[in-house]
Amino acid sequence: MAVLAGKTAFVTGGASGLGEAIARAYAAEGASVIVADIDVAGGNALAADIGARFVELDVTREESWAAAVAPIARIDVLVNNAGITTLGSVEDLTLAQFRHELDIDVLGVFMGIQAALPKMKAHGGSIINMSSLSGVKASANLCAYNAAKAAVTLMTKSCALHFAQKGYGIRCNSIHPGAIHTPIIDKVLAQSDNPEALYRSFVDVHPVGRLGKPEEIAAIAVYLASDASAFATGAEFRVDGGASI
Ligand SMILES: NC(=O)c1ccc[n+]([C@@H]2O[C@H](COP(=O)([O-])OP(=O)(O)OC[C@H]3O[C@@H](n4cnc5c(N)ncnc54)[C@H](O)[C@@H]3O)[C@@H](O)[C@H]2O)c1
């Protein structure tokens, strides 16, 4: 049975990697999917492939959010997945790099929740924020990313509490993937002087001895979007091959 039949799901960063896997899984489970991304060509191609709608969205711009959600009557599921990873320690990063990371990975999530809320409040729904293993565990060379994903972890809980207290029937949870082989990993490796050593270090932090697959994150995103997770809110869903234990 299609567990997301009748639900409308809005997936940011839906053109690539984890967002793509989530959009594909949601469509396969019967949801009406809106793929939102700055990547117009990739987003349109995916939407055509899975029978979804594409909307151009820059998560860092409030007016872009307003335009993206305006034509949508109701949203049942919001996946705040768009994100970047900036490599660098507190000594290496410029203020501009740090700000850029927070703009996309933190303010983008905040604006997404604010934009979607009026489309969810009347009937309830599920908000899923893509944090990371890096939102619960620090790395010396991920100063900005750690700060951003930790902010998402606690922003999620604050929203979950607020929605519960207001009785909106909206749940808010975070997903914390370990390293999953998507284009973001290649972008991070491209920032390194020694990509092979960095890749090995990614594998080594996972007790199961491998990186994860996008479908393994999509599976938890399906659960969190579905009514099966009705009692789950404010929780951290760690899907990381044991890396956080
Ligand atoms: N891949 C991993 O190992 C991993 C691990 C933990 C968390 N995450 C998180 O998962 C999310 C998705 O990562 P991914 O691996 O699929 O990366 P990806 O680079 O494959 O995809 C990211 C998508 O976000 C889009 N995007 C970037 N900036 C945007 C903006 N301003 N507005 C709208 N869209 C924008 C990109 O165009 C792209 O389609 C990110 O939040 C990332 O931090 C990834």
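Residues numbered from 1 in each chain as written. Predicted model: local features only at pLDDT ≥ 70, side-chain atom pairs only at ≥ 80, totals over all residues. Heavy atoms only, no water.

Remarks on the site of the ligand
- In the vicinity of the ligand, 28 residues are found, and the nearest of them are S16, D37, Y145, T182 and K187.
- Within the contact set of the ligand, a nitrogen atom lies 3.0 Å away from a backbone nitrogen or oxygen of V59.
- Taking N81, its main chain carries an N or O atom lying 2.8 Å from an oxygen atom of the ligand.
- Bound to the protein, the ligand loses 94% of the 820 Å² it would expose on its own.
- Elements represented by at least two residues in the shell around the ligand include exactly α1 (17-28), α5 (143-166) and α6 (183-190).
- Counting residues per element, the shell around the ligand draws most heavily on α6, which supplies four residues.
- Its residues assigned to classes, the shell around the ligand comprises 14 nonpolar, nine polar and five charged. (Near = heavy atom within 4 Å. Polar contact = N/O pair within 3.5 Å; in protein donor to acceptor, adjacent residues only side chain to side chain. Areas by Shrake-Rupley, 256 points an atom, 1.4 Å probe, with all protein chains shown as cover. Helix = DSSP H or I, 4+ residues; strand = E, 2+ residues; numbered from the N terminus. Nonpolar A, V, L, I, M, F, W, Y, C, P; charged D, E, K, R; others polar.)

Details of the side chain of T12
- Mapped onto the elements, T12 comes out in strand β1 (residues 8-12).
- Residues in contact with T12, not counting those within four places in the same chain, are A36, L57, V59, W65, V79, N80, N81 and A82. (Contact = heavy atoms within 4.5 Å.)

Thoughts on the sheet that holds strand β4 (residues 77-80)
- What the seven strands build is an open sheet, ordered β3-β2-β1-β4-β5-β6-β7; its pairing is parallel. Two strands bound the open sheet, and with one partner strand each, they are β3 (53-56) and β7 (236-239). With strand direction ignored, the average angle separating the axes of adjacent strands in the sheet is 20°.
- Strand direction decides the pairing type here: β1 and β4, joined by three bridges, are parallel. Bridge pairing in β4 places V11 opposite V79. (Pairing = 2+ DSSP bridges. Axes fitted to C-alpha atoms, helices over the stretch in contact; angles between N-to-C directions.)

What to know about the pairing of β4
- Alternating positions in β4 separate into two faces, V77 and V79 on one and L78 and N80 on the other, with burial throughout.
- Direction of pairing for β4 relative to strand β5 (residues 125-130): parallel, over a ladder of four bridges. In the sheet register, N80 faces β5, and the bridge partner there is N129.
- Handedness of the crossover is the feature at issue here: the chain leaves β4, passes through helix α4 (residues 95-120), returns alongside β5, and the resulting connection is right-handed. (Buried < 20%, exposed > 50% of the residue type's maximum accessible area, 1.4 Å probe, protein only. Right-handed = clockwise from strand over helix to strand, strands pointing away.)

Considerations on the packing of helix α3 (residues 62-69) against α4
- Where α3 contacts α4, the axes come no closer than 10 Å and their chain directions differ by 30°. It follows from the interaxial angle that α3 and α4 lie roughly parallel. As α3 packs across α4, the resulting crossing turns out to be right-handed. On α4, the residues that touch E62, W65 and V69 of α3 are G108, M111, G112, Q114, A115 and K119.
- Tallied by class, residues from the contact of α3 with α4 come to four nonpolar, three polar and two charged. (Parallel < 35°, antiparallel > 145°, perpendicular 65-115°, else oblique. Left-handed = near helix turned anticlockwise from the far one by under 90°.)

Structural notes on the pattern of salt bridges
- One pass over the structure, following the stated rule, counts nine salt bridges.
- Where D76 meets R74, a salt bridge forms, and the shortest distance between an N and an O atom there is 2.5 Å.
- Judged by relative accessible area, which is 6%, D76 ranks as buried.
- Three or more residues are tied together by salt bridges with common partners; here these are E20, R24 and D49. (Salt bridge = Lys/Arg side-chain N within 4 Å of Asp/Glu carboxyl O.)

Points about the packing of aromatic side chains
- A complete count under the given rule lists three aromatic pairs for this structure.
- For the pair F163 and Y168, a centre-to-centre distance of 6.2 Å together with 40° between the ring planes defines the contact as tilted.
- Residue classification places F163 among the buried positions, given a relative accessible area of 2%. (Phe/Tyr/Trp six-rings, centres within 6.5 Å; stacked < 30°, edge-to-face > 60°.)

Let's talk about the environment of K121
- Position of K121 relative to the elements: it lies in the loop between α4 and β5.
- A residue is classified by how much of its surface remains accessible, and K121, at 39% relative accessible area, is partly exposed.
- Not counting the four nearest positions on each side in its chain, K121 is found in contact with Y168 and I170.

Description of the packing of α1 against helix α8 (residues 214-225)
- Running from N to C, α1 and α8 point in directions that differ by 55°, and their axes come no closer than 8 Å. By the angle class used here, α1 and α8 are oblique. The crossing of α1 and α8 is right-handed. Facing G17, L18, A21, I22, A25 and Y26 of α1, the residues of α8 in contact are P214, E215, I217, A218, A221, V222 and A225.
- Here the contact of α1 with α8 is composed, by residue class, of 11 nonpolar, one polar and one charged.

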